[in-house]
Amino acid sequence: MALLEVKDLKVRVEEREILHGLTLTVNEGEVHAIMGPNGSGKSTLSHVIAGKPGYEVTDGQILFKGEDLLEMDPEERAAKGVFLAFQYPVEIPGVATMNFLRTALNAQRKARGESEYSTPDFLKKVREVSKSLNIPQDMLKRGVNVGFSGGEKKRNEVLQMALFEPSLCILDEMDSGLDIDALRIAADGVNALRSPKRAMVVITHYQRLLNYIVPDFVHVMSKGRVVKSGDKQLALELEESGYTQFEDAA
Amino acid sequence: MPAVQETVERVKRIDVDQYRYGFETLIDSEKAPKGLSEDIVKFISGKKNEPAWMLQWRLEAYRRWLTMTEPTWARVEYPKIDFQDIYYYAAPKPKKTVSSLDEIDPEILKTYEKLGIPLREVAMLEGVEPKPGEEDPARRKIAVDAVFDSVSVATTFKAELKKAGVIFMPISEAIREHPELVQKYLGSVVPTSDNFYATLNSAVFSDGSFVYVPPGVRCPMELSTYFRINERNTGQFERTLIIADKGSYVSYLEGCTAPQRDENQLHAAVVELVALDDAEIKYSTVQNWYPGNSEGKGGIYNFVTKRGDCRGNHSKISWTQVETGSAITWKYPSCILRGDNSSGEFYSIAISNGFQQVDSGTKMIHLGKNTSSRIISKGIAAGKSQNTYRGLVTAHRKATGARNFTACDSLLIGDKCGAHTVPYIEAKNSSATFEHEATTSKISEDVLFYCVQRGLSQEEAVGLVVNGFVKDVLQQLPMEFAVEAQKLISISLEGSVG
C-alpha cells in the first residue's frame, strides 16, 4: 500500500479551479520533488494535503496509509504523521518555542493514545535534536519564530520535523529566503531524517535545493496538473530548458 | 499537564452558554425595601450601627447624587437604569452576631467552597496545588474577607494579622472600631462628589474591606476579598479602603462572581488606596461577574471607581486586573502621583466575548517631581463584543521629570467585534517624557493553521496564542491568581472561533 495516494484531485479556491485532476503516488522511503512555475498549484497541493481551510475539493481523493485524509481535521492529520514545513513559518509572540514544541508534541501523542513526555525526557530529546541542527538553546526560549532570521525559521521547522517524527514530510519552498550556508544546514537536517519508513515531498522552483536533498522522483507541475515525471535527471534538464515547454502540454 | 491543555479540558467540560459560577444560593436574607431615598440611606446606616458622622457623610453624598447625571462619554450602550427598581441592601439573615465561622450559615460557606474560596483557615493552610511542571511553591497563606451581597460574612487570619499590627476587617467594623483612621482617609482619594456612581456608592455602600498597614510593616500574607452578588435585583456597592503607612507593603487580591440571571444587576464599587512615604500597594483583581448569556441578556453592570493616591515621596501603587466578566465594564483604576519620585503602574487584561462591552483603562496623574508611570494594556475582543481602552496621562506644571510609558495592544478574534483605543495625553511642562505605543492585530488564519498543523486543536491554538499575547501582564499577578487567570481567559474565549 502506498503511503500517500492523490487521485485525480480537483480543487477550487473561491470559484476558480486550481488543481484540475492531479494524481501522485508516494511510497514509504521515497523522496519526491515537485517543481513548477509560480501559480502551477504546488503550494495548493501541500495545503490541501495538510488540511488548510479555504480550499474546496470538488473531485478525487487523497488516501494516507489507506485512510481518507480529506475526512480528517488538520490536527488529526498531524497526529497521523502528516507534517508540512511552511514556506513562511508564522510568529507567535509570547509563546516560548520550547513550550510550543512540548504542547504540540504531547497533543499529537495524546491523539494517538500514547503517553505524554515527561519534562526531563522531553528536554533531553529537544537538546539532542537542536544540537544536531545547530540551534542554540536560547533560541528555544524566545517566542515561536519571533525575531528569528530566515535560516532560523527554517531550522525551527526541521527541528519540529525531527521531534514529531512524521511519516510524511512536505517541504514547501524550503529554500526561499535562504543563503547557501543556511540552506546547507537545513538540508543536512532534512537528509538526516531520511529513512525507509518516511517519505518526503519537496516543493521547489529551483533545481539548486535538489543538489542538497537528492530526490528519487521529480514531477513537473503546470497549470494544476503533473505534466511530466522522471528521476533526478529531469530536474537538471529543467534547469537548462525552463518551464515554458510545459505550458502547452498542460 | 501544561496549563494550556488543562484549560482546554475545562472548557470542554462546560457548555458554551454555561457560566461556571452561575448558581444561586438559597438563604434567608433581609432586604431593605426597593428604591433609594434618605430613609433607605438611614436604614443602611442604622443596620450597621454607624456613628452620626458617618450617616451625615452618606446623606451629603445622597443629596449631591440627586443633582448629578449619569456619565455618557463611555463607549457603552444600555437601557436607562431605573435606580428606584433596585434593592440597595440585602444581607444574609444574621443569627445574632457572628464571632466564628461555625456561626455562619452553612449555605454561604458551601457557596464559597463551590467557588474554590476556602474560608476555613485550616483549608488555607493546606496550601495551593503546585503549578504543572514546577516544584511545590512556597506555601503561602492568604487572608480572605468574604462579602456576600451587602455584608462581609467572614474574615480569616485576623489574629495572625493583628500580631503584625495589620488591620484587615470589614469596613463596617472599621467605622466603629477605628473611626479616626476611617474619618481621616475615607473619601480622601475619591471624594463623595467625584462622579455619579462613586457618589451613589458613598450614599449606600454597605460593606467592603478595610486595610491599614502600620509604618515599616511588610504585611505577612496576601490579603484577599471575595465579592459575591446573590440576591435578585440587588445592587452591590462595596467600599474598599487601603492605607499603607510609611515604609509599608501590602499585596491585595480581589475576586468577584454572581449567579446567572436574566435581568441586569448593578455593581458600583469604590476602591481607595493611600500610600504614604516609601510605601507600596499592589492591588490585583480577577473580575468574573456574570457576563450575560449568548444573546446578550442579563449580566452585571460594573461601574467602578478605583483610585490610588501615592501621597508620600517614593511611594508606589500598582494595579493589575484581569477582566473577563460583566455585561458592561466601566472602570479606570488610576494613580495620583502626588509624592516626589512616586510611581504608578497599570497592567490590564480585558477580555470581551458575546455581547460584552468594555470601556476600561487608567489615569496617571503626575503631580510630584520625577514621578513615573507605566501602562500595559491588553484588550482581547471576540464574538460581538466591543472593547475600548481609554487612558489619561497628564503631567502637572510642577511635575518636572515626569515619565510615562504606555503600551496598548488589542487582539481581535473573528470579524464581528471591535477594539478601540482612546488615549488622552497632556503634558503641562516641557521636561515630561511620555511614550505611547499601540497595536491592533487579529489572530490570523495562518497562525491558527500553523498550530493545528502541529497537532493542536482550534481551541488549544487560540488559548496558546492569547496566553502568549497577555503574558507580560499575567506575570504581574501573584502566582495562584496567574494560574486561575490563565484558565479564566481560555474559558471566556470559548466558542469564539469556528
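Analysis parameters
Residues numbered from 1 in each chain as written. Chains lettered and ligands numbered in written order. Predicted model: local features only at pLDDT ≥ 70, side-chain atom pairs only at ≥ 80, totals over all residues. Heavy atoms only, no water. Helix = DSSP H or I, 4+ residues; strand = E, 2+ residues; numbered from the N terminus. Buried < 20%, exposed > 50% of the residue type's maximum accessible area, 1.4 Å probe, protein only. Contact = heavy atoms within 4.5 Å. Areas by Shrake-Rupley, 256 points an atom, 1.4 Å probe, with all protein chains shown as cover. Lys, Arg positive; Asp, Glu negative; His and termini not counted. Charge placed at Lys NZ, Arg CZ, Asp CG, Glu CD. Pairing = 2+ DSSP bridges. Axes fitted to C-alpha atoms, helices over the stretch in contact; angles between N-to-C directions. Phe/Tyr/Trp six-rings, centres within 6.5 Å; stacked < 30°, edge-to-face > 60°. Lys NZ or Arg CZ within 6 Å of the ring centre and 35° of its normal. Buried area = accessible area lost by both parts, 1.4 Å probe. Salt bridge = Lys/Arg side-chain N within 4 Å of Asp/Glu carboxyl O. Polar contact = N/O pair within 3.5 Å; in protein donor to acceptor, adjacent residues only side chain to side chain.

Enquirer: Mind showing me how you'd approach the overall build of chain A here?
Expert: A tally of helices and strands in chain A yields ten helices and twelve strands. Along the three orthogonal principal directions, the C-alpha set of chain A runs to about 55 × 40 × 35 Å. In chain A, buried positions account for 53% of the 250 residues. Within chain A, counting contacts between residues at least 6 apart in sequence, those at least 24 apart form 68% of the total. When the accessible area of chain A is evaluated, it comes to approximately 10,800 Å², of which 47% is carbon and sulfur surface. Of the side-chain charges in chain A, 31 are positive and 37 negative, and the distance between the mean point of each set is 5 Å.

Enquirer: How should the sheet that holds strand E11 (residues 217–222) of chain A be read in this particular structure?
Expert: Hydrogen bonding along the main chain pairs the strands of a sheet, whether they run parallel or antiparallel. All names here are of chain A. With respect to topology, six strands assemble into an open sheet ordered E6-E9-E10-E3-E11-E12, the strand pairing being mixed. One side of each edge strand has no neighbouring strand; the edge strands of this open sheet are strand E6 (82–85) and strand E12 (225–230). Going across the sheet, the axis of each strand differs from the next one's by a mean of 20°, ignoring polarity. Pairing of strand E3 (residues 31–35) with E11, which is carried by four bridges, proceeds in the parallel orientation. Residue pairing across strands places Ala33 opposite Val218, the latter belonging to E11. Running over the sheet, helix H9 (residues 232–241) touches E3, E11 and E12 and is turned about 45° from E11.

Enquirer: Would you explain the packing of aromatic side chains in this entry?
Expert: For any two aromatic rings, the description comes down to two numbers: the centre-to-centre distance and the angle of the planes. Residues and elements named next belong to chain B. Summed over all chains, the structure comprises 22 aromatic pairs over all chains. Each residue in the set Tyr62, Trp65, Trp73, Tyr78, Phe83, Phe196, Tyr197, Tyr301, Phe303, Trp330 and Tyr332 is aromatic and connected to the rest through ring pairs, giving one cluster. Across the ring face of Phe205, the terminal group of Arg58 is positioned such that the distance to the ring centre comes to 4.2 Å.

Enquirer: I tried to follow the interface of chain A and chain B on my own but got confused; where do I start?
Expert: Note: interface size is frequently given as the accessible area lost on complex formation between the parts. Taken together, the contact between chain A and chain B spans 31 residues of the former and 22 residues of the latter. With both sides pooled, the region where chain A packs onto chain B buries about 2,300 Å², and carbon together with sulfur makes up 64% of that total. Where chain A touches chain B, the interface holds two salt bridges. Glu157 of chain A is the partner of Arg454 of chain B in a salt bridge, and the nearest nitrogen-oxygen pair spans 2.5 Å. In this assembly, chain A and chain B are joined by nine residue pairs in polar contact (both at pLDDT 80 or more).

Enquirer: Looking at this structure, I do not really get the side chain of His47 of chain A. What am I missing?
Expert: Following the sequence through the fold, His47 of chain A ends up in helix H1 (residues 42–50). In contact with His47 of chain A, not counting residues within four places along its chain, are Lys52, Tyr55, Leu84 and Asp172 of chain A.

Enquirer: Can you walk me through the environment of Tyr212 of chain B in this structure?
Expert: Residues and elements named next belong to chain B. As for its placement among the helices and strands, Tyr212 is situated in strand E6 (residues 209–213). Between the alpha carbons of Tyr212 and Ile242 there is a distance of 6.0 Å; along the sequence they are 30 residues apart. In this structure Tyr212 touches Gly165, Val166, Ile167, Leu181, Ile243 and Asp245, once residues within four positions along its chain are discounted.

Enquirer: When you look at the sheet that holds strand E1 (residues 4–13) of chain A in this model, what are you seeing that I'm missing?
Expert: All names here are of chain A. With antiparallel pairing, four strands are arranged side by side in an open sheet as E2-E1-E4-E5. Every interior strand has two partners, whereas the edge strands, strand E2 (16–26) and strand E5 (67–68), have only one. Pairing of E1 with strand E4 (residues 56–64) involves seven bridges; the strand directions are antiparallel. Residue Arg12 lies in a different strand from E4, and its bridge partner there is Glu56.

Enquirer: Mind showing me how you'd approach the pattern of salt bridges here?
Expert: Oppositely charged side chains are able to pair whenever their charged atoms sit close together. Residues and elements named next belong to chain B. Per the stated rule, a full pass over the model turns up 29 salt bridges over all chains. Between Asp409 and Lys378 there is a salt bridge, and its shortest N-O distance comes to 3.0 Å. Of this pair, Asp409 sits in strand E21 (residues 403–412) while Lys378 is found in strand E19 (residues 372–381), placing the two residues 31 residues apart along the sequence. Judged by its relative accessible area of 15%, Asp409 is buried. Residues Lys378 and Asp472 are paired through a salt bridge, measuring 3.9 Å at the closest nitrogen-oxygen approach. Of the two residues, Lys378 sits in strand E19 while Asp472 sits in helix H12 (residues 471–474), which places them 94 residues apart along the sequence. For Lys378, a relative accessible area of 7% translates into the label buried.

Enquirer: What exactly am I supposed to notice about the pairing of strand E13 (residues 299–310) of chain B here?
Expert: The two faces of the sheet receive side chains in turn, since in a regular strand these alternate between them. Residue and element names in this part refer to chain B. For E13, the buried fraction is high: twelve of the twelve residues fall into the buried class. Pairing geometry for strand E11 (residues 270–275) and E13, over six bridges, is parallel. Among the inter-strand pairings, Val271 is bridged to a residue of E13, identified as Lys306. Where E13 and strand E15 (residues 328–331) come together, four bridges link them in parallel fashion. Each residue of the ladder has a partner; that of Val304, found in E15, is Lys331. Where E13 lies against strand E16 (residues 334–337), four bridges are found, and the strand directions are parallel. Opposite Cys310, over in E16, you have Leu337 as the bridge partner.

Enquirer: Would you explain helix H9 (residues 196–204) of chain B in this entry?
Expert: Helical geometry: 3.6 residues make up each α-helical turn, so side chains three or four residues apart lie on a common side. Residue and element names in this part refer to chain B. Burial analysis of H9 places nine of its nine residues in the buried class, the great majority of the element. Those residues of H9 lying buried are Phe196, Tyr197, Ala198, Thr199, Leu200, Asn201, Ser202, Ala203 and Val204. Two to three positions downstream of the cap, the backbone nitrogen of Tyr197 sits 3.0 Å from a side-chain oxygen, assigning the N-cap of H9 to Asn195.

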